[in-house]
Structure formats: structure tokens, C-alpha cells
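The primary structure of each chain is shown beneath.
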Amino acid sequence: MIKKIGILASYNGSGFETIQKAIIEKKLNAKVVVVITNNTNAGVLEKAESYDIPYFIINDKRYPGQNIDDKIARLLLEFGCDYIFLSGYMKKIESNLLSAFPNKIINTHPALLPSIYGGIGMYGRFVHEAVIKNGEKISGVTIHYVDEVYDEGEIILTKELELTNDETVDSLENRIKELESVAIVEAFEKLLAKS
Ligand SMILES: Nc1nc2c(c(=O)[nH]1)N[C@@H](CN(C=O)c1ccc(C(=O)N[C@@H](CCC(=O)O)C(=O)O)cc1)CN2
Ligand SMILES: NCC(=O)N[C@@H]1O[C@H](COP(=O)([O-])[O-])[C@@H](O)[C@H]1O
């Protein structure tokens, strides 16, 4: 039975597009069945539309007073998702959503974990700014299961890179994104082979 993947994203969803392209190229035997974002302006919405994948915007503004993660969980269950991939999703996954998909929610983090480059405040460019400010020689990508605490779930795989002497936040962000696209496909190859 082909495995179904649900996507949560807050911005462009580059990781989602990496997965979708790998599926099209038959590198991954899976199907992305739904894309959910908390951001009405997220670039991921256009990407989902271009691939004819159902997409939904779920946030407090649209559903005031409702339990957002319960709504997300119900939708993901409705679409029969086997895995949930966080493609740059910037909100805490709460216990009700975690318990609906035990050991099935996967995140990509743009640094090596465990480290000071994970946890609250450590997302997107903030991660690369901290890595460069601290003079790190190595950074990388971590693909991990999501648990109750930001960036402390069981690690699926990591990929490293060496910073150049003249590395900038922009150059590091771009290089990490390239490394991430390889790591995401490799991680899902590993997961799908086990399932
Ligand atoms: N229960 C979990 N939820 C989430 C995890 C996780 O590991 N466990 N990973 C994050 C993704 N992430 C890093 O990989 C991450 C995202 C966002 C933040 C953060 O500090 N967010 C801010 C709010 C930012 C915003 O609203 O734009 C905050 O919480 O104050 C840290 C790490 C996804 N969820
Ligand atoms: N802590 C979570 C985090 O920082 N995730 C990072 O957000 C980026 C989203 O980029 P995108 O919007 O272009 O896909 C991704 O590079 C991902 O590693």
C-alpha cells in the first residue's frame, strides 16, 4: 500500500517540493495527499496548487477559540496520512497531534542536533546567524522524529558541511537547503523501506 504523507509548512515548503519531486522522479514510493499551513501568505500554497494537492490554512485567526492542533490532527487522519512532514513549520506540535501520529511526525532542522542551535527561537535564518556568530566550523541538517520538546526527538539522520572562511548567513542558508534536500529524500527512503 503506497504510503501517504501530510505536509505542515509555514513558509515556502521547500522540503515539501523536494519530496514531491522525488515522488515524481520515482525515487520515493509515496504520495503527498494534503498540505496544511498556518500562514495565509505561505509560498507553499502555490506549490500545493501547482501539484494539484489539497491545501488548507489553519490558524487561530481563521478558527478563533478552536483547538488548532486537534483540527489539524482530524484533517490529517481524514486524508489517511501515514507520515507527517514538517517542512519549515514554526509552531509547537501539541500533545493531541503528537498522540494522533506516534513516531510518525518528522521534522527537518537546519543545524546539527543536539546542540545550542535547536529549541525555542532557533528557526530559519536565526539558526545560521547564531552558527556564524559563534564561529562554528561545522554545521548541517538534522532529520528527526518530533516529540513534545522542540528539536529533541530521536534523530533519523544528520548531514554535515564545513563552513567556508567567508561564509555569510545567505551562503550558509543556501548550502544548508541544498544539503537538506538530499537529507530529506534519504530519510524518507529509510522510513519507507522500514514500513
Ligand atoms: N513538539 C514539537 N513541535 C515542533 C518541533 C519539535 O521538535 N517538537 N519542531 C519545530 C520546528 N522547529 C525547528 O526545527 C522550530 C520551529 C519554531 C521554533 C520557535 O521558536 N517558534 C517560535 C514561534 C515562531 C513563529 O510563530 O513564527 C516560538 O515558539 O516562540 C523553534 C523550533 C516545529 N514544531
Ligand atoms: N526549526 C525549524 C526550521 O528552521 N526549519 C527550516 O525552515 C526552513 C524553511 O524553509 P522553506 O520555507 O523555504 O521551506 C527549512 O530550511 C527548514 O530547515
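Residues numbered from 1 in each chain as written. Chains lettered and ligands numbered in written order. Predicted model: local features only at pLDDT ≥ 70, side-chain atom pairs only at ≥ 80, totals over all residues. Heavy atoms only, no water.

Chemist: Teacher, can you tell me more about the pattern of salt bridges here?
Modeler: Once their charged atoms are close, side chains differing in charge can pair, the charge on each being opposite to the other. Considering all chains together, one arrives at 6 salt bridges under this definition. With its nearest N and O atoms 3.0 Å apart, the salt bridge here joins glutamate 173 to arginine 125. Of the two residues, glutamate 173 sits in helix H6 (residues 169-194) while arginine 125 sits in helix H5 (residues 125-133), which places them 48 residues apart along the sequence. Since its relative accessible area comes to 18%, glutamate 173 is described here as buried. One salt bridge in this structure joins glutamate 186 and lysine 159, with 3.0 Å as the shortest N-O distance. Placement of glutamate 186 in helix H6 and of lysine 159 in strand S7 (residues 155-162) is noted, with a sequence separation of 27 residues between them. Among the charged side chains, a network of salt bridges with common partners joins Arg125, Asp170 and Glu173. (Salt bridge = Lys/Arg side-chain N within 4 Å of Asp/Glu carboxyl O. Helix = DSSP H or I, 4+ residues; strand = E, 2+ residues; numbered from the N terminus. Buried < 20%, exposed > 50% of the residue type's maximum accessible area, 1.4 Å probe, protein only.)

Chemist: Honestly, the site of ligand 1 in this entry has me stumped. Any pointers?
Modeler: Near ligand 1 you find 21 residues, and of these Asn107, Gly121, Asp147, Tyr150 and Asp151 are the closest. Here tyrosine 150 contributes a side-chain N or O atom positioned 2.7 Å from an oxygen atom of ligand 1. With the chains in place, 84% of the 710 Å² that ligand 1 exposes on its own is no longer accessible. Its residues assigned to classes, the shell around ligand 1 comprises 11 nonpolar, 5 polar and 5 charged. (Near = heavy atom within 4 Å. Polar contact = N/O pair within 3.5 Å; in protein donor to acceptor, adjacent residues only side chain to side chain. Areas by Shrake-Rupley, 256 points an atom, 1.4 Å probe, with all protein chains shown as cover. Nonpolar A, V, L, I, M, F, W, Y, C, P; charged D, E, K, R; others polar.)

Chemist: For this particular structure, what's the right way to read the site of ligand 2?
Modeler: Looking at ligand 2, there are 14 residues lining it, with Asn12, Ser14, Gly124, Lys177 and Glu180 nearest. In this structure, serine 14 approaches ligand 2 through a main-chain N or O atom, which is 2.7 Å from an oxygen atom. One nitrogen or oxygen atom from the main chain of methionine 122 is found 3.3 Å from a nitrogen atom belonging to ligand 2. Protein chains shield 92% of the accessible area of ligand 2, which is 440 Å² for the free molecule. Of all elements in the fold, only strand S5 (105-109) and H6 reach the threshold of two or more residues within the shell around ligand 2. Here the shell around ligand 2 is built from residues that sort into 5 nonpolar, 7 polar and 2 charged.

Take it as geometry only, folks, not as evidence of what the structure does.
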